[in-house]
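# Topology and contacts: notes
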Amino acid sequence: MLKNKITIITGAASGIGLHIAQGYLKKNAKVILSDINEEGLQKVVAEEKSKGGDCIGIKCDVTKEDEIKNLIMQSQKNYGRIDILINNAGLQHVANIEDFPTEKFEFMIKIMLTAAFITTKYAFPIMKEQNFGRIINMASINGVIGFAGKSAYNSAKHGLIGLTKVTALEGALKGITANAICPGYVDTPLVRGQMADLAKNRGVSIEQVLEEVLFPLIPQKQLVDINDIVELALFLSSEHAKNITGQSMIIDGGYTIQ
């Protein structure tokens, strides 16, 4: 049901954003991949096109409103409409509040919250005119519960969930849904790298880090499969999810139910 659906994904040159893009391309959606890393972006687009994917890449620094506006306008110009918007761009920095650089805090809010507002701001009129739209904001369990040392990330993700609810209300009569996906610990190279660093610092194996540090917090004793996030996004984009809106969909192996 996603065939030919025009889909914009930010932060799509790597990680979860890239996996989501690949998932939508496999369902024959037409995908606009966006990222600040132009070299990586064009490499990914070339690879996906070589596999038959209908996609383009548009470089975008999501801290700049004019570049976000260009992303939305160029996407509409290329494909004539915008059906799905996935706000995925993000980054992490960990420090206690008193040590957290103010500039870094503001930068992270811009990337993960303000940018999602601006993409929605410019995509909304297009979706309202179509009487159809699916907006998915990649939040986190950090948007539902607190984590010490992550003041900017937590603030951004909590705010993103609030933005999702407002977006859902304002799009409710125009066939537009808005939902947030809230992953826990996802099995990605980034997370594996963090575990490797922790293992090195503790002088133990990665398996021991999993068993002694992470799994005691996760009832299912496993990391989240990135493909499960992709499938959830695909479902939320489909006609089957037309009555699901304003929700924070947690996928964390039971981390937050304790």
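For the structure itself, look to the data block above.
Residues numbered from 1 in each chain as written. Predicted model: local features only at pLDDT ≥ 70, side-chain atom pairs only at ≥ 80, totals over all residues. Heavy atoms only, no water.

## What to know about helix 7 (residues 206-214)
The condition is simple: The buried label applies to any residue whose accessible area, calculated with a 1.4 Å probe on protein chains only, is under 20% of its type's maximum; exposed applies above 50%, and partly exposed to all values in between. Under the scheme used here, helices are H or I runs from DSSP no shorter than 4 residues and strands are E runs no shorter than 2 residues, and both carry numbers assigned from the N terminus. Here the arc refers to the set of directions running from the helix axis out to each C-beta atom. Should any heavy atoms of two residues lie within 4.5 Å, those residues are counted as being in contact.
For helix 7, the full list of buried residues reads Val209, Leu210 and Leu214. Down the axis of helix 7, the sector holding all buried residues measures 100 degrees, keeping them to one side. Exposed side of helix 7, more than 90 degrees from the buried face: Glu207 and Glu211 are the residues found there. Contacts made by the buried residues of helix 7 are with helix 6 (189-202).

## Quick look at the layout of surface pockets
Put simply, the rule reads: Grid spacing is 1 Å over the protein atoms alone, the probe is 1.4 Å, and a cavity is where that probe fits but cannot get out, while a pocket is an open set with protein on both sides within 12 Å along at least five of seven lines and lining residues have an atom within 4 Å of a point. Grid points are joined across faces, edges and corners, and a volume is the space filled by probe spheres set on the points. Polar here means any residue outside two lists: the nonpolar Ala, Val, Leu, Ile, Met, Phe, Trp, Tyr, Cys and Pro, and the charged Asp, Glu, Lys and Arg; Gly therefore counts as polar.
Here the largest pocket is characterised by a volume of approximately 1400 Å³. Taken together, 47 residues line the largest pocket, and the ones lying closest to its centre are Gly90, Leu91, Gln92, Tyr153 and Leu190. For the lining of the largest pocket, the secondary structure elements donating two or more residues are helix 1 (15-26), strand 2 (30-35), helix 4 (102-130), helix 5 (151-171), helix 6 and helix 7. Of the residues forming the lining of the largest pocket, the biggest block, seven residues, is contributed by helix 6. Counted by class, the lining of the largest pocket contains 27 nonpolar, 15 polar and five charged residues.

## Quick look at the nonpolar core
Quick reminder of the rule: Nonpolar cores are built from buried Ala, Val, Leu, Ile, Met, Phe, Trp, Tyr and Cys residues. Side-chain atoms within 4.5 Å join them into one set.
With 33 residues, the main nonpolar core has Ile8, Ile32, Val62, Ile72 and Ile135 as its most contacted residues. Broken down by element, the residue count for this core peaks at 11 residues, all from helix 4. Each residue touching Ile32, except ones within four places of it in the same chain, is listed here: Ile6, Thr7, Ile8, Ile9, Ile56, Ile58, Leu71, Ser75 and Tyr79. If you look at the next biggest cluster of nonpolar residues, it comprises 32 residues, including Ile9, Ala21, Val31 and Ile251.

## Structural notes on empty space enclosed by the protein
A complete count under the given rule lists one cavity of 30 Å³ or more for this structure. Reported here for the largest cavity is a volume of approximately 70 Å³. Mapped by element, the contributors of at least two residues to the lining of the largest cavity are helix 4 and helix 5. The greatest single-element share of the lining of the largest cavity, amounting to five residues, is contributed by helix 4. Counted by class, the lining of the largest cavity contains eight nonpolar, four polar and one charged residues.

## Digging into the pairing of strand 5 (residues 133-138)
Applicable threshold: Crossover handedness is defined by viewing with both strands directed away from the observer: a clockwise path from the first strand over the helix to the second marks the crossover as right-handed. Strands are labelled as partners when DSSP assigns at least two bridges between them.
Among the six residues of strand 5, six are classified as buried, and the element is accordingly described as predominantly covered. Neither face of strand 5 is left uncovered, since the one carrying Gly133, Ile135 and Asn137 and the one carrying Arg134, Ile136 and Met138 both have all their residues buried. As for the winding sense of the linkage, the β-α-β connection from strand 4 (residues 84-87) through helix 4 to strand 5 is right-handed. Sheet analysis places strand 5 next to strand 6 (residues 176-183), joined by six bridges and oriented parallel. By the bridge assignment for strand 6, Met138 is matched with Ile181. At this point the chain moves from strand 5, through helix 5, to the parallel strand 6, and the crossover so formed is right-handed.

## Some remarks on the packing of helix 1 against helix 8 (residues 226-237)
Rules: In this description, a line fitted to the C-alpha atoms serves as the axis of each element, helices being fitted only across the stretch in contact, and the angle between N-to-C directions of two axes falls anywhere from 0 to 180 degrees. An angle below 35 degrees is read as roughly parallel, one above 145 as roughly antiparallel, one from 65 to 115 as roughly perpendicular, and any other as oblique. Should the near helix be turned anticlockwise from the far one by less than a right angle, the crossing is termed left-handed; should it be turned clockwise, right-handed.
Viewed as axis vectors pointing N to C, helix 1 and helix 8 meet at an angle of 55 degrees, and their least axial separation amounts to 9 Å. As judged from the angle between their axes, helix 1 and helix 8 are oblique. Every pair of crossing elements has a handedness; the one defined by helix 1 and helix 8 is right-handed. Where helix 1 approaches helix 8, its residues Gly15, Ile16, His19, Ile20, Gly23 and Tyr24 are matched on the opposing element by Ile226, Asn227, Ile229, Val230, Ala233, Leu234 and Ser237. Residue composition of the contact of helix 1 with helix 8, by class: eight nonpolar, five polar and no charged.

## With respect to the sheet that holds strand 1 (residues 6-10)
One open sheet holds the seven strands; their spatial order is 3-2-1-4-5-6-7, and the pairing between them is parallel. Of all the strands in the sheet, just strand 3 (55-59) and strand 7 (248-251) have a single pairing partner and so form its edges. The mean angle between the axes of side-by-side strands here comes to 20 degrees, regardless of whether they run parallel or antiparallel. Across the sheet, helix 3 (residues 65-79) touches strand 1, strand 2 and strand 3, and the angle it forms with strand 3 is around 160 degrees. Strands strand 5, strand 6 and strand 7 of the sheet are contacted by helix 5, whose axis makes an angle of about 160 degrees with strand 6.

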